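Architecture and fold: a report
Below are the chains, spelled out letter by letter.
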Amino acid sequence: MYGSLAECVIPGKSTRNDFPLIPSRCALLIIDVQEHLSKPATDKEKNSYFFKEALPRSVKNIEKMMKNFRAKRDSSPRGGCCEVIFTYLESSTKDCRDVSLDYKLSGSKLANLPNSSTSPAEFLPQVSPSSEGRGDIKIPKTSCSVFPSTNLHYVLRN
């Protein structure tokens, strides 16, 4: 038994077809796609490639993937496959004292996150968690990486 997918790859010989997706072991992880990070702060940002092209294109692709994953998840008789998981920026304190040092040093947008008590995180209308069917999983975070700063690894292993 291999410990990771990387250990299964034979350089120069393995192809993507050697590693088919197994619905019971798949999840769509949507990280930080929310209003707080999707609004340009300046005119220069507004006209940037990210806001004019990359974000709209990404949102359309995420919408398609969410639809497919939810349909597969909700039609599965046993559940537990094709989960849709949102991780998003949201402080659990009003003064953001639980926000990581890396965010505090990255400027006011990341140092002053939405907070769960007075101004909860808002999602884009097209890319929002759903409670329909079996419902999506939502995991708030206050630092850059979802793995060391949330229970995502635990959720994925269930």
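Numbers given for residues are sequential positions, taken from 1 along each chain in its written order. Only residues with pLDDT of 70 or above have their local features reported here, since the model is predicted, and side-chain atom pairs are shown and tallied only from 80 upward, although totals for entire chains, interfaces and linings are computed over all residues. Hydrogens and water molecules were not included; the side-chain quantities draw on all heavy atoms of the structure.

Right, let's get into the pattern of salt bridges. What makes a salt bridge here is a side-chain nitrogen of Lys or Arg within 4 Å of a carboxyl oxygen of Asp or Glu, nothing more. By the definition in use, this model includes seven salt bridges. A salt bridge links Lys141 to Asp32; its shortest N-O distance comes to 3.3 Å. Pair noted here: Lys141 is in strand β3 (residues 137-141) and Asp32 is in the loop between β1 (27-31) and α1 (35-38), with a separation of 109 residues, a long-range link. Each residue is placed in one exposure class: buried if its accessible area under a 1.4 Å probe, protein chains only, is under 20% of its type's maximum, exposed if it is over 50%, and partly exposed if it falls in between. The class of Lys141 is buried, set by a relative accessible area of 1%. With its nearest N and O atoms 3.6 Å apart, the salt bridge here joins Arg57 to Glu53. Secondary structure elements follow DSSP: runs of H or I no shorter than four residues count as helices, runs of E no shorter than two count as strands, and numbering proceeds from the N terminus.

We call Phe, Tyr and Trp rings a pair once their centres come within 6.5 Å, taking the six-membered ring for Trp, and we label the pair stacked below 30 degrees between planes, edge-to-face above 60, and tilted otherwise. Overall, the coordinates contain three aromatic pairs when judged by the stated rule. Ring geometry for Phe86 against Phe123: centres 5.6 Å apart, planes inclined by 75°, an arrangement best described as edge-to-face. With a gap of 37 residues between them, Phe86 in strand β2 (residues 83-89) and Phe123 in the loop between α5 (108-111) and β3 connect regions that are remote in the sequence. The class for Phe86 is buried, based on a relative accessible area of 1%. Where Tyr88 meets Phe123, the ring centres are 5.1 Å apart and the plane angle is 75°; that geometry is what we call edge-to-face. Remark: Phe123 occurs in the loop between α5 and β3 and Tyr88 occurs in strand β2; sequence separation between them is 35 residues. Phe123 shares its class with Tyr88; the two are buried. Each member of the aromatic cluster is reached from another via a ring pair, and the members are Phe86, Tyr88 and Phe123.

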